[in-house]
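Given next are the chains, with one letter for each unit.
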Amino acid sequence: MIKTLRKHRCSLMDSLHESQGRVDCLDFLVWRMEKEKQSLKNKEKKERHYKMENITKPELTKEWDKTFPKSEKVSHRKVTFPNRYGITLAADLYEPKGAEKKLAAIAVCGPFGAVKEQAAGLYAQTMAERGFLTIAFDPSFTGESGGAPRYMASPDINTEDFQAAVDFLSVQENVDPERIGIIGICGWGGLALNVAALDTRIKATAASTMYDMSRVNANGYFDADNSADARYAKKEAMNAQRLVDYKNGSYALGGGVVDPLPEDAPFFVADYHDYYKTDRGYHKRSLNSNGGWNVIGCMSFMNQPILQYSNEIRSAVLIMHGEKAHSCYFSRDAYAAMVKDNPYTDNKELLIIPDAVHTDLYDGGGKNAIPFDKLEEFFSENMR
C-alpha cells in the first residue's frame, strides 16, 4: 500500500510540476507581451518627438524688410506653423495694440509669386489697424516658408496652406476660433475660394483681383489657348522639361516678370513690371520680382480645377476686382459660377472698383484703390 501511495504521489507531483511549468510559461509570455507593448508605445513617442524635432524651422528675417512702412498702431512678430504635409510655414503676425478681448482673425496670402512682405503684408497690417488679429504667410516652397524643391505650386498643398493658417489662428489665446476669415490676392484669390468651399471653419472670405490658376494654366491668358491641341502641346513641352530637369538634377526657372520691359509689351505685362520690378513692389525673395516659378512648377493646375464646388460655399464671400484689370473676367465668371444654383447667395458679393487695374489692388496703385473700409465692414458683419 505504501508503494502504491508513493507511486501516486510521484504521478501527482509530476502533474503539479507540469502545471506549474505551464503557468510559468504563460506568465513569461504575458510579461513579454506587456514589455513589447510598452516598447511600441515608447517607440511611437520617440518617433513623434523625432518627427516634430525634424520639421525644420526656416531662417526668419529679423529686420523690417517690407515694401510698405511699419504701422505704430499694431504689434508685429514672426511666427511659424506646420501644415499637414510637415512643411513649416512662415508668417508675419499683426495684432492691434491695446487689444484685451478675444479678436476676430484673418489669414492673408498672395499674390501668386509674391511674398508676405509685399501685398499680403499690407493687407494684414491694415486690417490689424482696424481691430483684427492677422497673419500674412508665405506659401509652401516659397519665401521664408519651408518645402523642397523650391518654387513649386500645388492646388492641394497650397489649399492646405490656408487651412494650416486657420489651424494656427484657432488655437491662439487671444483669437475667437468662431470668427476666422481669409483674404486671397491674385492667384491666391482663386485658392481662397477653393478653401472656402472646403473649410467650414471659415466664416468669411475675400478674393481680391483674383486669378483662377487652373483656368489660366489650362487655357492661357484670356482663354486664347482653350483647345485640346493647345493643352496637349503645353503638356508635351512640360513633360519634356521634366526629363531635362531629372537628368540635370535641378529645376529650370521660368523667369519672373520680364525686365527690361519690351516696347511692345502688352499692358498687363507693363502693369506687373510697374509693381514687381520697381521700388514700388520689388522684393529680393519674391518669385515674380526675380527668377519666377520652376518651368514645371504649376503643371498640376492644368487638370485640377480648383473652383469645382464653389457654388456650394455657404459662408460669406466678397470678390473684388478692378474695372480695368486684364484679369477682371476671372472674378466676374467665378462670381457667376459661385451663385448659380447656390441657395446661399445673400452673403455673396461682387465689387467692381472703377478705373482700377490689376496691381492697383496690390498696394492701392497710388490712388487708394483697395477698399479697406469695405473689407472692414464685410468681415465685421460676417464674423460677429
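My aim in this report is to walk through the structure given alongside it, one point at a time. Residue indices begin from 1 for each chain and proceed along its sequence in written order. Given that the model is predicted, a residue must reach a pLDDT of at least 70 before its local features are reported, and side-chain atom pairs must reach 80 or more before they are shown or counted; all residues, however, enter totals for whole chains, interfaces and linings. As a rule here, side-chain values cover all heavy atoms of the structure and leave hydrogens and water aside.

1. Some remarks on the overall build of the protein chain
Strands here mean DSSP runs of E at least two residues long; helices mean DSSP runs of H or I at least four residues long; both are numbered from the N terminus. What the protein chain contains, in helices and strands, is 10 helices and eight strands. Note on classification: 1.4 Å probe, protein chains only; a residue is buried when its accessible area is under 20% of the maximum for its type, exposed when over 50%, partly exposed between these limits. Buried positions account for 48% of the 384 residues belonging to the protein chain. Residue contacts follow a heavy-atom distance rule, with two residues in contact if any of their heavy atoms lie within 4.5 Å. Here the analysis covers contacts within the protein chain between residues at least 6 apart in sequence; of these, 72% occur between residues at least 24 apart.

2. Brief notes about empty space enclosed by the protein
Using a 1 Å grid laid over the protein atoms alone, points where a 1.4 Å probe fits but cannot get out form a cavity; open sets with protein on both sides within 12 Å along at least 5 of 7 lines form a pocket; any residue with an atom within 4 Å of a point counts as lining. Grid points are joined across faces, edges and corners, and a volume is the space filled by probe spheres set on the points. Under the counting rule described, the total for this entry stands at one cavity of 30 Å³ or more. By volume, the largest cavity is sized at about 30 Å³. Along the walls of the largest cavity sit C109, G110, P111, A114, V115, K116, A120, F137, D138, P139 and W188, which together make up its complete lining. Per-class residue counts for the lining of the largest cavity are eight nonpolar, one polar and two charged. Nonpolar residues are Ala, Val, Leu, Ile, Met, Phe, Trp, Tyr, Cys and Pro. Charged residues are Asp, Glu, Lys and Arg, and all others, Gly as well, are polar.

3. Topic: the nonpolar core
Side-chain atoms within 4.5 Å link the members of a nonpolar core, which is a set of buried Ala, Val, Leu, Ile, Met, Phe, Trp, Tyr and Cys residues. Counting 98 residues, the largest nonpolar core has Y123, L375 and F379 as its most contacted members. With residues up to four places along the chain from it excluded, the contact list for Y123 reads V108, I183, I185, S208, M320, L361, Y362, I370, F372 and L375.

4. Let's talk about helix α8 (residues 328-339)
One less than the number of residues in a helix, times 1.5 Å, gives the span that helix is expected to have. End to end, α8 covers 17 Å across 12 residues, agreeing with the expected 16 Å (1.5 Å per residue, within 8%). Every buried residue of α8 is accounted for by C328, Y329, F330, S331, A334 and M338. Tucked inside the fold, the buried residues of α8 contact α4 (187-196), α5 (213-219), β7 (316-322) and β8 (348-353). Note on α8: the residue one or two positions beyond its end, D341, has a positive phi of about 60 degrees.

5. Observations regarding the packing of helix α2 (residues 119-129) against helix α10 (residues 372-382)
Describing two packed helices takes the angle between their axes plus the distance from one axis to the other. Convention adopted: a line fitted to C-alpha atoms gives each axis, helices being fitted over their contacting stretch, and angles between N-to-C directions are expressed from 0 to 180 degrees. Axis separation between α2 and α10 bottoms out at 11 Å; the angle between their running directions is 65 degrees. Where α2 crosses over α10, the handedness of that crossing is right-handed. For the pair α2 and α10, contact is made by L122, Y123, T126 and M127 and by F372, L375, E376 and F379, respectively. Counted by class, the contact of α2 with α10 contains six nonpolar, one polar and one charged residues. In this scheme, a crossing is called left-handed if the near helix is turned counterclockwise away from the far one by less than a right angle; it is called right-handed if the turn is clockwise.

6. Some words on the layout of surface pockets
The computed volume of the largest pocket comes to approximately 810 Å³. Lining the largest pocket are 27 residues, with M213, Y221, G255, N288 and W293 sitting closest to its centre. Where the lining of the largest pocket is concerned, the elements lending two or more residues are α5, α6 (228-248) and α7 (267-276). Of the residues forming the lining of the largest pocket, the biggest block, four residues, is contributed by α7.

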